[in-house]
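# Coordinate inspection notes
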Amino acid sequence: MFHLTQDIFIGIDGGGSKSKVRVEDRDGNLLGQAVSGPANIRLSIEGAWHSIHAALEEVLQPKGISLEDKNYHFHAGLGLAGCEVVEAVQAFLKHPHPFTTLQLNTDAHIACVGAHSGTDGAIIIAGTGVIGYQVETGKGVRVGGWGFPHDDEGGGAWLGLEATRLTFQWLDQRTEKSPLVEDIFAYFNQDQEQFVAWANSANSSEFARLAPIVINHGQQQEVAAVRLMKKAAHAIDKVGHALIKMRTQEHLLPCCLLGGIAPFIEPWLSEELRATFIARQGDANAGAILMIRKRVEKDKL
């Protein structure tokens, strides 16, 4: 009996802390979604593939579908953290995989494609770090997001780092006491040895855990926290203005402000940047699927 091979489209958004997978059939019907571990290819190629396979199995097994089933063509669009490292991209693509078609790009690219449903537009992601990205006439460009602590100014990790600096300065009387630094120190049980040990080994995620303390005091109009929120907003404004300068067309592109601290930082941003903001139309997984569908359509021409 003749069996028609079925197309399955997979969108994968792989970040430094988790991976999200969306699976659709040829007609765009949702087959399932799943979340698994991190997929930063700069940190671990094997780890990224493990997270991808784990999420796909969670979606496909209940449907009775195997990645080895020759009755299906699996087309995967992947937006993964770490794609700025060329060697990591090459090593990732050399790894054996079950996909008929594979399209790899950055996590920022698929987030931008999804946010604007494949049309031209920009995004600024303000989370643990900060990155700007835009797609114009099919070409993607980025601003920032080069890593903490040398970049990502204005993000959650940066807010935590700046609050940490202020707290050390208060502890040895280089700056005045404030409710912000008192709460930061209280977070470490007012134990200076514990605070010092933590600060000397903390990574971006750990510094970002202090950001809610800064944000909370900023919302209460506490002077030291407001100063940091304004400084963070200024850094993010510069990302937005850099994107505008990179455009080849004169018209303004719509921009989506995304990320965990985005709602809290938006009121501090410039009127010029805020005037370009629109609500996003889809998430990064939707963007990854749009990307791979476009690739498959092109391959069929």
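Residues numbered from 1 in each chain as written. Predicted model: local features only at pLDDT ≥ 70, side-chain atom pairs only at ≥ 80, totals over all residues. Heavy atoms only, no water.

Moving on to the packing of helix 4 (residues 156-171) against helix 6 (residues 192-199). At their nearest, the axes of helix 4 and helix 6 sit 12 Å apart, and the two run at 145 degrees to each other. The two elements helix 4 and helix 6 cross, and the hand of that crossing is left-handed. Only Gln192, Phe195, Val196, Trp198 and Ala199 of helix 6 make contact with helix 4, whose side of the interface consists of Thr164, Thr167, Phe168 and Leu171. The class makeup of the residues in the contact of helix 4 with helix 6 is six nonpolar, three polar and no charged. (Axes fitted to C-alpha atoms, helices over the stretch in contact; angles between N-to-C directions. Helix = DSSP H or I, 4+ residues; strand = E, 2+ residues; numbered from the N terminus. Left-handed = near helix turned anticlockwise from the far one by under 90°. Contact = heavy atoms within 4.5 Å. Nonpolar A, V, L, I, M, F, W, Y, C, P; charged D, E, K, R; others polar.)

Glancing now at the packing of aromatic side chains. For the structure shown, the criterion picks out twelve aromatic pairs. Judged by centre distance (4.4 Å) and plane angle (5 degrees), the rings of Trp49 and Phe92 are stacked. One end of the pair, Trp49, is in helix 1 (residues 45-60); the other, Phe92, is in helix 2 (residues 86-94), and 43 residues separate them in sequence. Both residues of the pair, Trp49 and Phe92, belong to the buried class. Through a chain of ring-to-ring contacts, the aromatic side chains of Phe148, Phe168, Trp170, Phe185, Tyr187, Phe188, Phe195, Trp198 and Phe207 assemble into a single cluster. A cation sits over an aromatic face here: Arg142 above Trp146, 3.8 Å from the ring centre. Residue placement shows Arg293 over the ring face of Phe9; its charged tip is 4.1 Å from the ring centre. (Phe/Tyr/Trp six-rings, centres within 6.5 Å; stacked < 30°, edge-to-face > 60°. Buried < 20%, exposed > 50% of the residue type's maximum accessible area, 1.4 Å probe, protein only. Lys NZ or Arg CZ within 6 Å of the ring centre and 35° of its normal.)

Moving on to the sheet that holds strand 2 (residues 19-25). Strand order in the open sheet made by the five strands is 3-2-1-4-5, with mixed pairing throughout. Edge strands, defined here as strands with exactly one partner in the open sheet, are strand 3 (30-36) and strand 5 (101-106). The mean inter-strand angle of the sheet, taken between neighbouring strand axes irrespective of direction, is 15 degrees. Bridge count for strand 1 (residues 6-14) against strand 4 (residues 72-80) is nine bridges, and the pairing is parallel. Opposite Asp7, over in strand 4, you have His73 as the bridge partner. Strands in contact with helix 1 are strand 1, strand 2, strand 3, strand 4 and strand 5; relative to strand 3, the strand with the most contacts, it is inclined by about 140 degrees. With respect to the sheet, helix 2 is in contact with strand 4 and strand 5, its orientation differing from that of strand 5 by roughly 160 degrees. (Pairing = 2+ DSSP bridges.)

As a further point, take helix 2. Taken together, the buried positions of helix 2 are Ala88, Val89 and Phe92. When helix 2 is viewed along its axis, its buried side chains cluster within an angular range of 100 degrees and face the same direction. With respect to the buried face of helix 2, the exposed residues turned more than 90 degrees away are Glu87 and Lys94. Close packing links the buried residues of helix 2 with helix 1, strand 4 and strand 5. (Arc of directions from axis to C-beta.)

Next up on the list: the sheet that holds strand 7 (residues 130-136). Spatially, 8-7-6-9 is the arrangement adopted by the four strands of the open sheet, whose pairing is mixed. A strand with exactly one partner marks an edge of an open sheet, and here the two such strands are strand 8 (139-144) and strand 9 (255-258). Each strand of the sheet is rotated relative to its neighbour by a mean of 15 degrees, with strand direction disregarded.

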